[in-house]
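Read off the chains here:
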Amino acid sequence: MNIRFFSLCALTLLSVLCASAQTTEFQKAIAKYKNATTVTATAVKTTHRTSVAKDDVVSGTLIIQRPNKMNITVNQGKDQLDMTGADFTMTMRGKSHKTSSKKNPLFATFQTVLETIITGGATPANLNDRQDVKIEKQQGNIVLTILPAADSSSAQKKASKRQMFTSFVITINTQTSEIRSLRMNEKGQNYTNYDFSNYSFQ
């Protein structure tokens, strides 16, 4: 009984220490954003549909502005992903779809994580204690997997059933602080992926 108890305690402590170490790595990875008001990069959007033989690939730009704005514009302005505070707008082939983190649990978590990155950690958010954010270190990158909040209200749960995305995955390079990619997973095996390069921090 004592052996089992101490084994459980040891495993729990190890899990906490690993999570704490990953959070520290994440904080180091985003520190560069503290001194930047505007960040720009080249964006490449890949849309994958299991029913279509070839992925759709278009290019454009990423613009990040403190404290809570991110805009990805591709396909000569026909496709956009815009976050301004709690408001999210996705434009596909010129048609806009709007949502808010106040109503959508997945985007609520997405906003929290993005604002933490954009402000270089100045916006307080203890991601280590959240069940809807998974932080991992993989080959020199910090990978954050964002899921809908488990304790969301009934209204939010209804909204999550209607939404097209099931999770988001953000990959950040630990050496350069650059967001390397943003993947937006959908039901089935469909997804929209953004790759970023040629960064400028100002």
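The present account deals with the structure reproduced in this document. (Residues numbered from 1 in each chain as written. Predicted model: local features only at pLDDT ≥ 70, side-chain atom pairs only at ≥ 80, totals over all residues. Heavy atoms only, no water.)

## Some points on the overall build of the chain
For clarity, the threshold we go by: Here a helix means four or more residues in a row that DSSP labels H or I, a strand means two or more in a row labelled E, and each is numbered from the N terminus. Per-residue accessibility, obtained with a 1.4 Å probe over protein chains only, is compared with the maximum for each type, and a residue is labelled buried under 20%, exposed over 50%, and partly exposed between these values. Contacts are residue-level and defined by heavy atoms, with any inter-residue pair within 4.5 Å sufficient.
Counting secondary structure elements, the chain contains three helices and 11 strands. Moving toward the C terminus, one meets the helices and strands of the chain in the order α-β-β-β-β-β-β-α-β-β-α-β-β-β. Relative to its 202 residues, the chain shows a buried fraction of 43%. When contacts within the chain are restricted to residue pairs at least 6 apart in sequence, those whose partners lie at least 24 apart make up 52%.

## Things to note about the packing of aromatic side chains
Which entries qualify depends on this criterion: Pairing of aromatic rings covers Phe, Tyr and the six-membered ring of Trp, with a centre-to-centre limit of 6.5 Å; geometry is then stacked below 30 degrees between planes, edge-to-face above 60, and tilted otherwise.
This model, assessed by the stated rule, comprises nine aromatic pairs. Summarising the aromatic geometry, the rings of Phe 110 and Phe 168 are spaced 4.5 Å apart at their centres and angled 55 degrees between planes, so their arrangement reads as tilted. Highlighted residues: Phe 110 in helix α2 (residues 105–118) and Phe 168 in strand β9 (residues 165–173), separated in sequence by 58 residues. The residues Phe 110 and Phe 168 share a single accessibility class, namely buried.

## Considering the side chain of Ser 167
By the secondary structure assignment, Ser 167 is in strand β9. Those residues in contact with Ser 167 that lie beyond four places of it in its chain are Leu 106, Ile 146, Leu 147, Arg 183, Met 184 and Asn 185.

## Describing the nonpolar core
What counts here: Buried Ala, Val, Leu, Ile, Met, Phe, Trp, Tyr and Cys residues that are joined via side-chain atoms within 4.5 Å together make up what is termed a nonpolar core.
Core analysis: the largest hydrophobic core is formed by 41 residues, its most contacted members being Ile 72, Phe 110, Leu 144, Ile 170, Leu 182 and Phe 196. Among the elements that take part in this core, α2 stands out by supplying seven residues, more than any other. With near-sequence residues (within four places) excluded, Phe 196 lies in contact with Ala 41, Thr 42, Ala 43, Leu 62, Ile 72, Ile 179, Arg 180, Ser 181 and Leu 182.

## So, unusual backbone geometry
Here the amide bond leading from Arg 66 into Pro 67 is cis, since omega sits at 0 degrees, within 30 degrees of zero. Examined against the element boundaries, Pro 67 turns out to sit in the loop between β2 (56–65) and β3 (69–74). Even without a glycine there, the phi angle at Asn 75 is positive, about 55 degrees. With respect to the helices and strands, Asn 75 occurs in the loop between β3 and β4 (79–84). We note that Gln 139 has phi near 50 degrees; this positive angle belongs to a residue other than glycine. On the secondary structure map, Gln 139 appears in the loop between β7 (133–138) and β8 (141–146). According to the relative accessible area criterion, Gln 139 is exposed, its value standing at 84%.

## Side note on the pattern of salt bridges
Worth spelling out the cut-off: For this analysis, a salt bridge means a side-chain nitrogen from Lys or Arg found within 4 Å of a carboxyl oxygen belonging to Asp or Glu.
Applying the stated criterion across every chain, the model contains seven salt bridges. Residue Glu 186 is joined to Arg 49 by a salt bridge in which the shortest nitrogen-to-oxygen separation is 3.2 Å. One end of the pair, Glu 186, is in strand β10 (residues 179–186); the other, Arg 49, is in the loop between β1 (38–48) and β2, with 137 residues separating them in the sequence. Residue Glu 186 is classed as buried on the basis of its relative accessible area of 9%. Of the charged contacts, one joins Arg 130 and Asp 132 as a salt bridge, the two residues approaching to 2.9 Å between their closest N and O atoms. For Arg 130, a relative accessible area of 29% puts it in the partly exposed group.

## Topic: the sheet that holds strand β11 (residues 191–201)
The condition is simple: Two strands make a pair as long as DSSP finds a minimum of two bridges between them. Orientation is described by lines fitted to C-alpha atoms, with helices fitted over the stretch in contact, and by angles between N-to-C directions that extend from 0 to 180 degrees.
Pairing within the open sheet is antiparallel, and its 11 strands lie in the order β6-β5-β4-β3-β2-β1-β11-β10-β9-β8-β7. Whereas interior strands pair on both sides, the edge strands pair on one side only; in this sheet they are β6 (95–100) and β7. Ignoring which end each strand starts from, the neighbouring axes of this sheet average 15 degrees apart. As defined by bridge partners, β4 adjoins strand β5 (residues 87–92) across five bridges and the pair is classed as antiparallel. Bridged to Asp 82 within β5 is Thr 89. Sheet contacts for α2: β2, β3, β4, β5, β6, β7, β8, β9 and β10; angle to β9, the most-contacted strand, approximately 10 degrees.

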